Amino acid sequence: MCNSSILGCKIIVQVKASEDSLVEGFEAEWKPEIGQYSKKFVEYCSIKALTNMCQSIEEKISDGSFSRLTFDMMLAWEMPSAADEESHTECMGKENEDRKAVKVTSDHDEIPLFYTDIMPLLVNNEPSVGEDAFVWMGSLVPLVSDVINGRFTYEILTAPTGNRLHSPAYDIFLKEMDKCIKHLQKQATPKGVELADDEFILHVEGTASTQRVVRHIGKTSWPGRLTLTNYALYFEASGVITYEDALKIDLSKDAELSVKPTATGPWGAPLFDKAIVVESPEQSEGIVLEFPEITSSTRRDHWLALTKEIMLMHKFLSKFKVECPIQAWEMNARTILCIIRLHAAREMLRILPPDPTKFLIFALYDELPKGDYVLEELAESLKKVNCGHPSSASSILRCMNLSIAASGEVKEGKELEEHKHISDESCSSLETAINQSKEQAKAIEIAKSTTEGLKDEGISDSILVLLELLKPLKSVLPWIREVVSWEKPATTLTVIATTLLIVYKEWVGQAIAACLLTIVVKMLQARKKRLTDKCNEIVVCTASDQSTVESIVSAQYSLITIHEMLQAANIMILKIWSILISKARKHADTVMVALTGLAIVLAVVPFKYIVMGGVLYGFIMNSKPMKYLGNNSNDQSGNRRLKEWWESIPIIPVRVVDKLPECPK
């Protein structure tokens, strides 16, 4: 595999000398280590070939030469030596035997027809590449993948084929991207609008050949054409003969602009959950756009994800102060390529469209834990990217006639050594942040899966009891809210003065410190007694002589809210119980260290001063001036870390039985 790839690279580079000359140039420029010689040589040849090939990439994709050569590059990178190839062959043989032994689960019933019926015929005994090779290729040329979300893209593309990428699927995916780019180039500019030089159409619906888009204004509805660019949304209401002038929704400037899903229906009744609403403080009413379809709401989810991606991209550029036009356009280009990849994947997977966020950058890491860390590393790596290199995202779009050099002239004559050095340096810290985010996301998914059974079961017997217990709070909560939010300043100041006076005259720090240390001791005792092995589940008995369903139907909507509160309370208690008995060992260690440290602080510092400081801090932070400053601040990572840590705690499974099991004597 390695030799065929090097031969292809030599042809592209038009090296007339022997392979020895290519090796001499490699050793002189890169000076590789002995253990990584073969793989680094493949990287060297690949970069040289892609540098020339990307200058005519559109033609190379059409005739299939780009996909063939890059696929061979990934194979060679994955198996750079004969020993690697033998080891890989053995591993693949074992995996094939395991697949034959494992029965197909019901999850594969929903795999699209393209993969289930056609792909097995195309990929039988054919070579395939893994995730690392796919991401590596994305780091060289961000066309088929982007290094920041390449692993998520790979998972979606290869889920039906055993998490291995085969050449036919890879070639089809690239050609679908080419078709998508050509399709977008043919789209008409919205009426009455002159697009900016660096503004390009990314998605259009509502035309004669696509599905309808409807704008709702009060109780009236107006069909029309909706166009998304990398700067704005444009809606053109349908006229008698042609479209009316477009309504522009700028996604790049208004930081307080929000877009979220909503439901529409006749006479304003929220019956069909297939619309989005775009809201802004500058507009009295939100702009409601519906995407009608018979069964699901995949069109709405697709538009919602794309719109959020553009908004989040511009917020990213503003937050990290990416003021250099070349760097800003490079980020635009990478976002455009992500959206094109999503369109191509939807064409390949029409029966079951993929999750849009897996192909995007900012929408993905806005949801993933520690995604803000990844975006920080992305901002740093963006400053080191050579945007003028032929294999950069902006250069690829320019070579495919989708863009022009929107940011002025750029130099394309960078040395190969500089490109390689920058790529390695910028990708290392970024890859570390991506892996940490992905691992944290897996931990949270595992923890959340432990709560699904509890949510499905429900605990209806506790609803009436909980409602009765919450009755006294109904009159107290509004008063507390008024005091904390400074709606009545005189009352708030009185409460603050009274609280500080009471705290100053009392001393309870030692007692609370003793309680915290007692909790730590109990946790250690629970760990010593191995309660985490004995308590694998919590058994709840529902046996009762009384009926429990008389009043549920008449109070359905109010009980739904109470039921959700009950579920949240139960999950919170179960998470705490998991920590106390060290079911979640890592989280229990963190809690024990934190409680011990807090106990030491409380034992040394007079508690009344700590409480007084906490009271003052709480009331001051809830005042209107501090709320205004907090809304304009980007430093909310502390709350986000705490939320992610809490969500990653798994709970003990709950099993509901009719009768309590007999305890062994």
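Cut-offs and rules
Sequence order as written defines residue numbering, which begins from 1 separately in each chain. Owing to the predicted nature of the model, reporting of local features is limited to residues with pLDDT of at least 70; listing and counting of side-chain atom pairs is limited to 80 or more, with chain, interface and lining totals taken over all residues. Side-chain numbers here rest on the full set of heavy atoms in the structure, without hydrogens or water. Strands are runs of DSSP state E lasting at least two residues, helices are runs of H or I lasting at least four, and both sets are numbered from the N terminus onward. Here's how the labels work: a residue is buried when its accessible area is under 20% of the maximum for its type, exposed when over 50%, partly exposed in between, all with a 1.4 Å probe on protein chains only. Here a residue-residue contact requires only that any non-hydrogen atoms of the pair lie within 4.5 Å. In this description, accessible areas are obtained by the Shrake-Rupley approach with a 1.4 Å probe, and a residue is regarded as covered only by the protein chains that are shown. Any two strands between which DSSP finds at least two bridges are classified as paired. In protein, a polar contact means a hydrogen-donor-capable atom and an acceptor-capable atom, both N or O and within 3.5 Å, with residues adjacent in sequence counting only if both atoms are side-chain atoms; elsewhere, any N or O pair within 3.5 Å suffices. Each patch is built from residues that are more than 30% exposed by relative accessible area and take part in no salt bridge. Like charges join if they lie within 9 Å; nonpolar side chains (Val, Leu, Ile, Met, Phe, Trp, Tyr) join within 5 Å. Throughout this description, the term salt bridge denotes a Lys or Arg side-chain nitrogen within 4 Å of a carboxyl oxygen of Asp or Glu. The nonpolar core is taken to be a set of buried Ala, Val, Leu, Ile, Met, Phe, Trp, Tyr and Cys residues, with the residues joined through side-chain atoms within 4.5 Å. To obtain an axis, a line is fitted to C-alpha atoms, over the contacting stretch when the element is a helix, and the angle between two such axes runs from 0 to 180 degrees between their N-to-C directions. Orientation categories follow fixed angle ranges, with anything under 35 degrees roughly parallel, anything over 145 roughly antiparallel, 65 to 115 roughly perpendicular, and all other angles oblique. Working rule for handedness: look at the near helix, and if it is turned counterclockwise from the far one by less than a right angle, call the crossing left-handed; if clockwise, right-handed. Residue type decides the class: Asp, Glu, Lys and Arg count as charged, Ala, Val, Leu, Ile, Met, Phe, Trp, Tyr, Cys and Pro as nonpolar, and the leftover types, Gly among them, as polar.

1. Here's the deal with the overall build of the protein chain
- Helix and strand content of the protein chain: 26 helices and 12 strands.
- Per-residue burial over the protein chain gives 42% buried out of 665 residues.
- A fraction of 70% describes how many contacts in the protein chain between residues 6 or more apart in sequence connect residues 24 or more apart.
- As displayed, the protein chain has an accessible area near 36400 Å², and 57% of this comes from carbon and sulfur atoms.

2. Quick look at the pairing of strand β4 (residues 213–217)
- Here β4 runs beside strand β5 (residues 220–229); their pairing, made up of five bridges, is antiparallel. In the strand pairing of β5, V214 is matched with P223.
- In textbook terms, the turn of a hairpin is the stretch between consecutive antiparallel strands, and for β4 and β5 this stretch comprises two residues, one of which, G218, has a positive phi near 65°.
- Bridge count between β4 and strand β10 (residues 287–290): three bridges; the pairing is antiparallel. Each residue of the ladder has a partner; that of H216, found in β10, is V288.

3. Considerations on the side chain of K438
- Among the secondary structure elements, K438 is positioned in helix α16 (residues 416–457).
- A polar side-chain atom of K438 sits 3.5 Å from a polar atom in the side chain of E131.
- In contact with K438, other than residues within four places in its own chain, are E131, R151, F152 and E155.

4. Describing a nonpolar patch on the surface
- A cluster of nonpolar side chains, contributed by I600, V601, V604, V605 and I610, occupies part of the molecular surface with about 410 Å² of accessible area.
- No other element matches the three residues that helix α23 (residues 585–604) contributes to the nonpolar patch.
- By secondary structure assignment, the location of I610 is in helix α24 (residues 607–621).
- On the basis of relative accessible area, I610 is assigned to the partly exposed category, the value being 32%.

5. Digging into the nonpolar core
- Core analysis: the biggest nonpolar cluster contains 102 residues, and F66, L143, F316, M331, Y365 and L378 have the highest contact counts within it.
- Ignoring anything within four residues of it in the chain, the contact list for M331 reads M313, F316, L317, I361, F362, L378 and L382.
- Grouped together as the second largest cluster of nonpolar side chains are 14 residues, M523, V591, M592 and I649 included.

6. Structural notes on the packing of helix α5 (residues 65–78) against helix α8 (residues 131–140)
- At their nearest, the axes of α5 and α8 sit 9 Å apart, and the two run at 125° to each other. Here α5 is positioned oblique relative to α8, judged by the angle of their axes. Here α5 runs over α8; the crossing is right-handed. Packed against α5, whose contacting residues are T70, M73, M74, W77 and E78, the element α8 presents D132, A133, F134, W136 and M137 at the interface.
- Looking at the contact of α5 with α8, its residues break down into seven nonpolar, one polar and two charged.

Interpretation in functional terms is not warranted from these geometric data alone.
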